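Now for the letters of each chain:
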Protein chains: 2
Amino acid sequence: MNRILFEPEEIKDGVAKIYDARARHILEVLHGEAGQVLKVGVIDGKIGAGKILAIEDGEVAVAVETGDSGPEPWFDLVLAPPRPRVFKRILPQLAALGLRRLFLIGANKVEKDFWGATILKPENYRPFLVEGLQQSGTSILPTISVERSFRRLLPKLERMDGLKLVAHPYGNPAPLPPRNSGANVVFAIGPEGGWTEGEVEALEAAGFLRYSLGPRILRTDTALIALIARFL
Amino acid sequence: MNRILFEPEEIKDGVAKIYDARARHILEVLHGEAGQVLKVGVIDGKIGAGKILAIEDGEVAVAVETGDSGPEPWFDLVLAPPRPRVFKRILPQLAALGLRRLFLIGANKVEKDFWGATILKPENYRPFLVEGLQQSGTSILPTISVERSFRRLLPKLERMDGLKLVAHPYGNPAPLPPRNSGANVVFAIGPEGGWTEGEVEALEAAGFLRYSLGPRILRTDTALIALIARFL
């Protein structure tokens, strides 16, 4: 936790009182005491500094002053989801890396069970995203939308501007495009069994370029981070 | 499993007989049948093709023909290890990304318990490395050496040639060096709590450049993959 984040409604008259995992982190890891200043932020709001006002029975009261904008989220991801267990593990990592919008898409090799997984409920995935923001020190929550129909999402993907890349192990190795900060970036990552050839062609028709990470075939969760990292 | 790997001693007169997880993968995922040709390789040896000769009671007999060299491992890693649970998870990923040599180093914020962890025994970590090789389709096993003394490893690090980078969230953002295939690359990644300033300075004195992945602070396991991926 490199920044303690609060929900807007947790702050009353400029003070947030917490007694959950964040309070334990302040006490046990940061060795917090009254007067100490912490990095803080408001979820989907600004970041800034928070002074510890009081600690009592494990409850920490923090005076929150925010006014700065943290690093903006900078990429969208079209993801054919892996198993729920893997999905949970990558959510904080994606939020930490700067995810803006996540589109979960139904590709041929996505396990059908996934769409009924409890992790798809906002109240269940939100804590994983907040965990990632607190790790990275940012505050803007990514949005997640579910579109089980691959074909139905395509027109929307086609209308998106910017650099659009689909990870494909057997694609032509693309040269690393120059970093063009401000430009929109959209990544598409296939399911654990890979995209079908038809799916890759449909993405290409929607403006995506095949992008290879080299001769090694990486697991979905590794390829995901590797691809995003090349544009950090 | 994108390539089935065999131990050299498993191959007798050009034929390997297996009935473990590899056999189940051949049968259940690859729907193997007699005559089918698979991607195979020999651990620490060559890669090639294997023809299924026979399947009986879950045992698969494969005629192994190897002669090609797969992609060579290309980076060394100096790692202040995270918790054993995280370490186990990153081992296959490191092997898949092309790890050549791993040096486990004792940094100030490494949990002391780590050095007694059972995962440090070759018989325990080897399967995780082989898993990564089978995923990526390569065959050369990384080596792991343990040097608990930070100071004792330094002269060795100093003598290493090539591009040496230490990941540091507050370092100067370095421009991405041009890819210079063939050149040695050594990464240094700190413990979950980060390097101490003294440790970073000692690494700098040994020829490492501070390398920042940007304004977001990434978890060790994310930063590790992100850093390596920028040089893939």
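The rules behind each value
- Residues numbered from 1 in each chain as written.
- Chains lettered and ligands numbered in written order.
- Predicted model: local features only at pLDDT ≥ 70, side-chain atom pairs only at ≥ 80, totals over all residues.
- Heavy atoms only, no water.
- Helix = DSSP H or I, 4+ residues; strand = E, 2+ residues; numbered from the N terminus.
- Buried < 20%, exposed > 50% of the residue type's maximum accessible area, 1.4 Å probe, protein only.
- Contact = heavy atoms within 4.5 Å.
- Areas by Shrake-Rupley, 256 points an atom, 1.4 Å probe, with all protein chains shown as cover.
- Domains from an automatic or database assignment.
- Buried area = accessible area lost by both parts, 1.4 Å probe.
- Salt bridge = Lys/Arg side-chain N within 4 Å of Asp/Glu carboxyl O.
- Polar contact = N/O pair within 3.5 Å; in protein donor to acceptor, adjacent residues only side chain to side chain.
- Pairing = 2+ DSSP bridges.
- Axes fitted to C-alpha atoms, helices over the stretch in contact; angles between N-to-C directions.
- Phe/Tyr/Trp six-rings, centres within 6.5 Å; stacked < 30°, edge-to-face > 60°.
- Right-handed = clockwise from strand over helix to strand, strands pointing away.
- Expected span 1.5 Å × (residues − 1).
- Bend = angle between axes of the 7 residues up to and from the residue.
- Least-squares fit on C-alpha atoms with pLDDT ≥ 70 in both.

A. Examining the overall build of chain A more closely. Within chain A, the regular secondary structure consists of six helices and 12 strands. Taken over the C-alpha atoms alone, chain A extends approximately 60 × 40 × 30 Å along its principal axes. A buried classification covers 52% of the 232 residues belonging to chain A. Restricting the contact set of chain A to residue pairs at least 6 apart, pairs at least 24 apart contribute 67%. When the accessible surface of chain A is split by element, carbon and sulfur atoms take 51% of a total near 10700 Å².

B. Molecular detail of the domain arrangement of chain A. Residues and elements named next belong to chain A. You can read the domains of chain A as domain 1 (4-68) and domain 2 (75-229). Spacing between the C-alpha centres of domain 1 and domain 2 amounts to 33 Å. With 10 residues of domain 1 at the interface, the matching set in domain 2 holds nine residues. Of all residues in domain 1, L5, I43 and D44 give up the largest surface area on contact with domain 2, accounting jointly for 64% of the area buried on that side. For the pair domain 1 and domain 2, the number of links is one salt bridge. Measuring nitrogen to oxygen at the nearest pair gives 2.6 Å for the salt bridge that ties E7 to R126. Taken together, the links from domain 1 to domain 2 amount to five residue pairs in polar contact (both at pLDDT 80 or more).

C. Structural detail: the sheet that holds strand β6 (residues 59-68) of chain B. Residue and element names in this part refer to chain B. Taken together, the six strands give an open sheet; going across it, the order is β1-β4-β5-β6-β3-β2, and neighbouring strands pair in mixed fashion. A single partner strand is all that each edge strand has here, and the edge strands are β1 (4-6) and β2 (11-12). Two elements, strand β4 (residues 37-42) and strand β5 (residues 47-56), share five bridges in a ladder whose sense is antiparallel. Paired with V37 across the strands is K51, a residue of β5. Together, β1, β3 (15-18), β4, β5 and β6 form the strand contacts of helix α1 (residues 21-29), whose direction differs from that of β1 by roughly 150°.

D. Layout of the packing of aromatic side chains. Residue and element names in this part refer to chain A. Scanning the model with the defined rule gives 16 aromatic pairs over all chains in all. With 5.5 Å between their ring centres and 50° between their planes, F187 and F231 make a pair best called tilted. On the criterion of sequence distance, the pair formed by F187 in strand β11 (residues 185-189) and F231 in the segment after α6 (220-229) is long-range, its members being 44 residues apart. Here F231 falls in the buried class, since its relative accessible area comes to 9%. Put simply, the rings of W74, F75, F187, Y211 and F231 touch in pairs and so form one group of aromatic residues.

E. Quick look at the interface of chain A and chain B. Contacts between chain A and chain B engage 32 residues on the former and 32 residues on the latter. Note on chain A versus chain B: buried area summed over both sides is about 2600 Å², and carbon and sulfur give 55% of it. In this structure, the connection of chain A to chain B is made through zero salt bridges. Inspection of the region where chain A meets chain B yields 14 residue pairs in polar contact (both at pLDDT 80 or more). Secondary-structure elements contributing two or more residues to the side of chain A that touches chain B are α2 (84-97), α3 (122-136) and α6 of chain A.

F. Layout of the pairing of strand β7 (residues 75-79) of chain A. All names here are of chain A. Most of β7 sits inside the fold, with five of its five residues counted as buried. Neither face of β7 is left uncovered, since the one carrying F75, L77 and L79 and the one carrying D76 and V78 both have all their residues buried. Of the strand pairs in this sheet, β7 and strand β8 (residues 99-105) are connected by five bridges, and their pairing is parallel. Bridging from a neighbouring strand, V78 pairs with F103 of β8. Read as a crossover between parallel neighbours, the route from β7 over α2 to β8 is right-handed. As defined by bridge partners, β7 adjoins β11 across five bridges and the pair is classed as parallel. Its bridge partner lying in β11, V78 is registered against A188.

G. Fine view of α2 of chain A. All names here are of chain A. For α2, built from 14 residues, the straight-helix expectation of 20 Å at 1.5 Å per residue is met to within 8% by its first-to-last C-alpha distance of 20 Å. Its axis deflected by about 30° at I90, α2 carries its strongest bend there, up to four residues before the proline P92. Counting buried residues in α2 gives 11 out of 14 residues, a clear majority hidden from the surface. What α2 keeps buried is the set V86, F87, R89, I90, L91, P92, Q93, L94, A95, A96 and L97.

H. Representation of unusual backbone geometry within the structure. All names here are of chain A. Phi angles above zero are rare outside glycine, and D13 is one such case at about 55°. Its location among the elements puts D13 in the loop between β2 (11-12) and β3 (15-18). Classification of D13 as exposed rests on a relative accessible area of 83%.

I. Region of interest: the relation of the copies chain A and chain B. When chain A is fitted to chain B, the residual RMSD is 0.0 Å, and the transformation amounts to a turn of 180° plus an axial shift of 0.0 Å. Both chain copies can therefore be described as sitting about a two-fold axis. Taken together, the interface assignments show that 100% of the residues at the interface of chain A recur at the interface of chain B, consistent with an identical surface on both copies.

J. Structural detail: α3 of chain A. All names here are of chain A. The terminal C-alpha atoms of α3 lie 21 Å apart, and with 15 residues this matches the ideal 21 Å at 1.5 Å per residue to within 8%. For α3, the complete set of buried residues consists of Y125, L129, V130, G132, L133, Q134, Q135 and S136. The inward-facing, buried residues of α3 contact β1 (4-6), α1 (21-29), α2 and β9 (143-147). Phi for G137, located one or two positions after α3, is positive at around 90°.

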